[in-house]
Amino acid sequence: KSPSGTSGSRFLGPGQPKVLCTTAAGTVVDGKLETVKAVRKRGVDGRVRGFEEIPHTGRNGWINLLKFWRENRFQQLHLHMERTFNALGPIYREKVGTLSSVNILLPADISEMFKSEGLHPRRMTLEPWATHREIRNHRKGVFLKNGEEWRSDRLQLNKEVMMSAAVRRFLPLLDDVAKDFCRLLEDRVEREGRGAEEAKRSLTIDPSPDLFRFALEASCHVLYGERIGLFSSSPSLESQKFIWAVERMLTTTPPLLYLPPRLLLRVGAPLWTEHATAWDHIFSHAEARIQRAYQRLSSSQGSGTVAAGGLYGGVLGQLIEKGKLSLDLIKANITELMAGGVDTTAVPLQFGLFELGRNPEVQDRVRQQVKRSWAQAGGDPQKALQGAPLLKGTIKEILRLYPVGITVQRYPVHDIVLQNYHIPAGTMVQACLYPMGRSSQVFEEPLNFDPGRWSVSREEGQRGEVMGFRSLAFGFGARQCVGRRIAENEMQLLLMHILLRFHLSVPSSEDLQTTATLILQPKTPPRITFSKL
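Criteria and cut-off values
- Residues numbered from 1 in each chain as written.
- Predicted model: local features only at pLDDT ≥ 70, side-chain atom pairs only at ≥ 80, totals over all residues.
- Heavy atoms only, no water.
- Pairing = 2+ DSSP bridges.
- Helix = DSSP H or I, 4+ residues; strand = E, 2+ residues; numbered from the N terminus.
- Axes fitted to C-alpha atoms, helices over the stretch in contact; angles between N-to-C directions.
- Contact = heavy atoms within 4.5 Å.
- Buried < 20%, exposed > 50% of the residue type's maximum accessible area, 1.4 Å probe, protein only.
- Core = buried A, V, L, I, M, F, W, Y, C linked by side-chain atoms within 4.5 Å.
- Phe/Tyr/Trp six-rings, centres within 6.5 Å; stacked < 30°, edge-to-face > 60°.
- Lys NZ or Arg CZ within 6 Å of the ring centre and 35° of its normal.
- UniProt positions renumbered as here; feature names shortened; annotations may be inferred.

As for the sheet that holds strand E10 (residues 502-505)
Strands in a sheet are paired, the pairing made by backbone hydrogen bonds, and the direction either parallel or antiparallel. Spatial ordering of the open sheet is given by E5-E13-E10, a layout of three strands whose pairing is antiparallel. For this open sheet the edge positions go to strand E5 (202-205) and E10, each flanked by a neighbour on one side alone. Along the sheet, successive strands turn relative to each other by an average axial angle of 20 degrees, direction set aside. Helix H21 (residues 484-501) contacts E10 and strand E13 (528-532) of the sheet and is inclined by roughly 100 degrees relative to E10.

With respect to the environment of Ser 455
With respect to the secondary-structure elements, Ser 455 resides in the loop between helix H19 (433-437) and helix H20 (456-460). Under the relative-accessibility criterion, Ser 455 is labelled partly exposed at 28%. Distance from Ser 455 to Gly 393, taken between C-alpha atoms, is 7.1 Å for residues 62 residues apart in sequence.

Describing the nonpolar core
Ranked by internal contacts, the top residues of the largest apolar core, which has 141 residues, are Tyr 224 and Phe 530. Beyond its immediate chain neighbours, meaning those up to four positions away, Phe 530 contacts Leu 185, Val 189, Arg 201, Ser 202, Leu 203, Ile 205, Pro 207, Leu 353, Ile 498, Phe 502, His 503 and Leu 504. Grouped together as the second largest cluster of nonpolar side chains are five residues, Leu 256, Leu 264, Trp 272 and Ala 276 included.

Points about the packing of aromatic side chains
The description of an aromatic ring pair uses the distance of the two centres, along with the angle that the planes make with each other. Per the stated rule, a full pass over the model turns up 16 aromatic pairs. With 5.2 Å between their ring centres and 40 degrees between their planes, Phe 74 and Tyr 258 make a pair best called tilted. Taken as a pair, Phe 74 in the loop between helix H3 (61-70) and helix H4 (77-88) and Tyr 258 in the loop between helix H10 (237-256) and helix H11 (261-267) lie far apart in primary sequence, 184 residues in all. For Tyr 258, a relative accessible area of 8% gives the class buried. Relative to Trp 279, the ring of Trp 129 has its centre 5.0 Å away and its plane inclined at 75 degrees; by these criteria the two rings are edge-to-face. Residue Trp 129 is located in helix H6 (residues 127-135), and its partner Trp 279 is located in helix H12 (residues 270-302); the two are separated by 150 residues in the primary sequence. When sorted by exposure, Trp 129 lands in the same class as Trp 279, which is buried. Members of the aromatic cluster, each reached through a chain of ring pairs, are Phe 68, Trp 69, Phe 74 and Tyr 258. When the ring centre of Phe 51 is taken as reference, the NZ or CZ atom of Arg 93 above it lies at 5.2 Å. Between the NZ or CZ atom of Arg 122 and the centre of the ring of Tyr 411, over which it lies, the distance is 4.0 Å.

Details of the pairing of strand E6 (residues 407-410)
Side chains Thr 407 and Gln 409 of E6 all project onto a buried face; the interleaved residues Val 408 and Arg 410 project onto the opposite face, where all are buried too. The pairing of E6 with strand E9 (residues 429-432) spans four bridges and is classified as antiparallel. Its bridge partner lying in E9, Thr 407 is registered against Cys 432.

Digging into the sheet that holds E6
Strand order in this open sheet of four strands is E3-E4-E9-E6, and the pairing throughout is mixed. Looking at strand neighbours, the two that pair on one side only are strand E3 (91-96) and E6, the edges of this open sheet. Neighbouring strand axes in the sheet, compared pairwise and without regard to direction, differ in orientation by 30 degrees on average. As paired elements, E3 and strand E4 (residues 99-104) share six bridges and run antiparallel to each other. Counterpart to Val 96 in the pairing with E4 is Leu 99. Against the sheet, helix H5 (residues 107-115) touches E4, E6 and E9, its axis set at about 40 degrees to E6.

Re the UniProt feature "binding site: heme" (unreviewed entry) in the protein chain
The UniProt record marks Cys 481 with the feature "binding site: heme" (unreviewed entry), using the residue numbering of this structure. With a relative accessible area of 28%, Cys 481 lands in the partly exposed category. Dropping the residues within four chain positions of it, Cys 481 is found in contact with Arg 154, Met 162 and Phe 474.

Dropping the structure here:
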């Protein structure tokens, strides 16, 4: 089945020579291909085209901004990018309001972008977020920091959220939440489902509200080391408000990126007020949770109830115990992880259930592998995931077709050449993940949902050194998503337990219409039929 409303990139269609994929960062001179290295040796002379010659969408950023508002391009930015690549080729410049970028989509160009990121990689600063921290006197977490300060904080965080030892500690917590979610879903199917026999009942629902609760419950369990009871029959209003605040924050961010936030603050713009209010709620929710967890940890340490190697106190507990970051910095980073850890897993899970539901052969293949692995793992979630590589392939495939963030940005620390154009150091370069994921130049049959395409044997059969730059939903390198290991394992574990208990189908296999806030999501959440196995 082909997903969501597009026929792929025309300029990268099947009729185009495949050589572009592996030589896109090279240069065509007199009909001959030359490497970027050769171009650099020659220097940026008449043979390399200048920055101003890069195809663009219009030189006046304010006129472009008006077009974005008028044509609602903020919500369709991923489709706007795809259309623009089709019209202008594999590289283009765009200026919208105060924001300028060079946009690319071929893996070899993206490889060059990352090679030039330097020791302290920078991505686009979300100025509305940074302005909120400054006017409220909140410390910034690693998401909003740069330079040596970013690096030192990030290295401390990595030990608790990225390293394999940390993953082993929090994996059982995610597994518990995933199993509880599936038990509740089973109960609901038995109570509300259709079918004469209890064992064969099925239920068709929009699972998105439940997936948001799952993501928040799982995040809290890992970050704070405690459950917050979102699976009870009456989940707390406080948690529902948190989910709402995150959604409002994400929705109001993109329009604010193209205007000076402090100007909006001075004139009391309603959009800014809504954005700041949403962040205030996120911070107050996180603050309350952090205070409770801190008091719990302090009292248990004081009474000597937590011995070495005893109960895992979550990421927060580990950071407090190590004492390498101040409490203010711990709060800043835990709040960012909380705000970034709900929609970014709940939404891909919606897309994932939909694609598995409308691709029953794929679903059966993944399920068979999961069943074998689970049977051999003896209840160990890490072993179960290691034995089911198709599950990891499923997550990669979901994020190829529906990337949570539709771009990854870097600022090269030295001049580079992309597509035979000179890119000066300090230019914001964006890898555009949505058009890349659907390009027939980068992927064979790009609109097919095929987790097997990510298998080691299939990847080794592909040509070119840049195959690793095709799966970038979590970024790459030192500045990749700090919550990556939590998110990947959280999604894999939930899909694993769902596939062990249910057959998935969809009432409609029509492509999902998508919309972009700060993240890509379905315009209307898909309805899924869960049938007990």
